Amino acid sequence: MIITPSSLSALMVGFRKNFQDGLAMTPPEHERVATTIPSTGKSTTYGWLGKWPKFREWVGDRVFKDMQAHSYSILNKKYESSVSVGRDEIEDDEIGVYGPMMMEMGQATSAFPSELVFPLLTAGFASLCYDGQFFFDTDHPVAANVDGTGAVTTVSNMQAGALTPWFLLDTSRVLKPLIYQLRRAPAFAALTDPKDEQVFMTDTYRYGVDLRANAGYGFWQMAHGSKIALTYDNLWAAYSAMRAFKSDGGRPLNIKPNLLVVPTSMEKTALDIVDKEFLAGGESNSLYKKFEVLATSWL
């Protein structure tokens, strides 16, 4: 290939298509458990309010209640993935191997949010969320009054133990248990100008993708983490605990767990619990098809 600006431009078009093809090959698994929230600055602060008060009969003027605000920030970080292509390879038309590499870069870009999001579940037993407690904890505070005042009781959204953790989530609402914060979407770029010092000195062209993003925790009430064995009874206990969650003031949150997230090593165990219509003794399985199972490699 004779290297000219037009030939490099055509090569860039081809590589960009390879990248886009790879991007489309990997379903965005993180969207199952995380809400994508756009960010417009170095970080985004989530001023979580207590819980919106329950409805009351409107007699006289509206009754406004003070909300208890919480401050929780997620700092955006920069990430990149890059590859260099030697000028000689382009001149000698030995660029066929780079197309799959660009596709792989696209796949990695699509999967990257999942790499950020899912490890948060495992880390949730020792990472703080908006109320100042670990995301999975035994003593989340719930106040007696809707404005966050009054006697405080504590609520657990975990089962303590020492085994490989599994997670039960409510992902049916607009805000999911986790947050994927996107400051700048992935952008594919190239450095091929022969006047560029790096191109001149190394005789290579560079292609890469970069983005700014991060991930964090939403409402702990939408998640339950367990470090005890995944069994029929333990899963029922986690489900029952989540169904009983209430907001400040005692209003039921109507949490409806619908997704069981497990590492791939526990996939068979999870499916045996929720995909079999009858239990070992022949009785009906009350958890049959109650949850969807998501076995992910990112835990």
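Below is a summary of the structure that appears in this document. Values in this document were obtained by computation on a predicted structure and should not be read as measured data.

Secondary structure summary: the chain contains seven helices and 13 strands in total. The buried share of the chain, reckoned over its 299 residues, is 43%. Intrachain contacts of the chain at a sequence separation of at least 6 include 76% that bridge at least 24 residues.

The strand order across the open sheet built from five strands is E7-E11-E8-E12-E13, with neighbouring strands paired in mixed fashion. Each edge of the open sheet carries a strand with a single partner, namely strand E7 (158-159) and strand E13 (292-296). With five bridges joining them, strand E12 (residues 259-263) and E13 adopt parallel strand pairing. Its bridge partner lying in E13, Leu-259 is registered against Glu-292. The strands touched by helix H6 (residues 232-243) are E7, strand E8 (166-169), strand E11 (223-226) and E12; relative to E8, the strand with the most contacts, the crossing angle is about 40 degrees.

A word on the environment of Leu-271. With respect to the helices, strands and loops of the structure, Leu-271 is situated in helix H7 (residues 267-274). A sequence separation of 18 residues divides Leu-271 from Lys-289, and the C-alpha atoms of the two residues are 9.4 Å apart. Once you skip the residues sitting within four places of it in the chain, Leu-271 turns out to touch Lys-276 and Val-293.

Below, the discussion takes up the nonpolar core. Core analysis: the largest hydrophobic core is formed by 55 residues, its most contacted members being Val-33, Leu-178, Leu-230, Leu-235, Leu-260 and Val-261. Aside from chain neighbours lying at most four places away, what touches Leu-235 is Trp-166, Leu-168, Leu-230, Leu-260, Ile-273, Val-274, Leu-287 and Phe-291. In this structure, Val-83, Tyr-98, Met-102 and Tyr-205 belong to the second largest nonpolar core, which totals eleven residues.

The backbone of Asn-254 shows a phi angle near 55 degrees, a positive value even though the residue is not glycine. Residue placement: Asn-254 occurs in the loop between H6 and E12. For Asn-254, a relative accessible area of 41% corresponds to the partly exposed category. In this model, Lys-289 sits at a positive phi of 60 degrees, which is unusual for a non-glycine residue.

Spatial ordering of the open sheet is given by E1-E9-E10-E4, a layout of four strands whose pairing is mixed. At either margin of the open sheet sits one strand with a lone partner, and together these are strand E1 (34-38) and strand E4 (77-86). Looking at each pair of strands side by side, their axes are set apart by 30 degrees on average, direction ignored. Pairing geometry for E4 and strand E10 (residues 204-217), over ten bridges, is antiparallel. When the sheet's bridge partners are listed, Glu-80 is paired in E10 with Asp-210. Relative to the sheet, helix H3 (residues 98-117) contacts E1, E4, strand E9 (178-191) and E10, its axis offset from that of E4 by approximately 170 degrees.

A separate point is the packing of aromatic side chains. This model, assessed by the stated rule, comprises ten aromatic pairs. A ring pair is formed by Phe-125 and Phe-136, whose centres lie 5.0 Å apart and whose planes are at 35 degrees; its orientation type is tilted. With Phe-125 in the loop between helix H4 (119-123) and strand E5 (140-143) and Phe-136 in the loop between H4 and E5, the pair connects residues that are eleven residues apart, well separated along the chain. Judged by relative accessible area, Phe-125 falls into the buried class, the value being 11%. With relative accessibility at 1%, the residue Phe-136 sits in the buried group. Ring pairing ties together the aromatic residues Phe-125, Phe-135, Phe-136, Phe-167 and Tyr-217, which thus form one cluster. The side chain of Lys-227 reaches across the aromatic face of Phe-125, ending 4.5 Å from its centre.

What follows concerns H6. Taking 1.5 Å per residue as the helical rise, H6 with its twelve residues ought to reach 16 Å, and the 17 Å between its terminal C-alpha atoms agrees with that figure. Every buried residue belonging to H6 is among Asn-234, Leu-235, Ala-238, Tyr-239 and Met-242, and all of these are buried. Along H6, the residues classed as buried sweep out an arc of 140 degrees about the axis, all on the same side. Buried residues belonging to H6 abut E7, E8, E11, E12 and H7.

Relative to the helices and strands, Thr-296 is located in strand E13. A polar atom in the side chain of Thr-296 sits 3.1 Å from the backbone nitrogen of Trp-298. Discounting chain neighbours no more than four positions away, the residues touching Thr-296 are Glu-29, Phe-118, Val-261, Val-262, Pro-263 and Thr-264.

Conventions used here
- Residues numbered from 1 in each chain as written.
- Predicted model: local features only at pLDDT ≥ 70, side-chain atom pairs only at ≥ 80, totals over all residues.
- Heavy atoms only, no water.
- Helix = DSSP H or I, 4+ residues; strand = E, 2+ residues; numbered from the N terminus.
- Buried < 20%, exposed > 50% of the residue type's maximum accessible area, 1.4 Å probe, protein only.
- Contact = heavy atoms within 4.5 Å.
- Pairing = 2+ DSSP bridges.
- Axes fitted to C-alpha atoms, helices over the stretch in contact; angles between N-to-C directions.
- Core = buried A, V, L, I, M, F, W, Y, C linked by side-chain atoms within 4.5 Å.
- Phe/Tyr/Trp six-rings, centres within 6.5 Å; stacked < 30°, edge-to-face > 60°.
- Lys NZ or Arg CZ within 6 Å of the ring centre and 35° of its normal.
- Expected span 1.5 Å × (residues − 1).
- Arc of directions from axis to C-beta.
- Polar contact = N/O pair within 3.5 Å; in protein donor to acceptor, adjacent residues only side chain to side chain.

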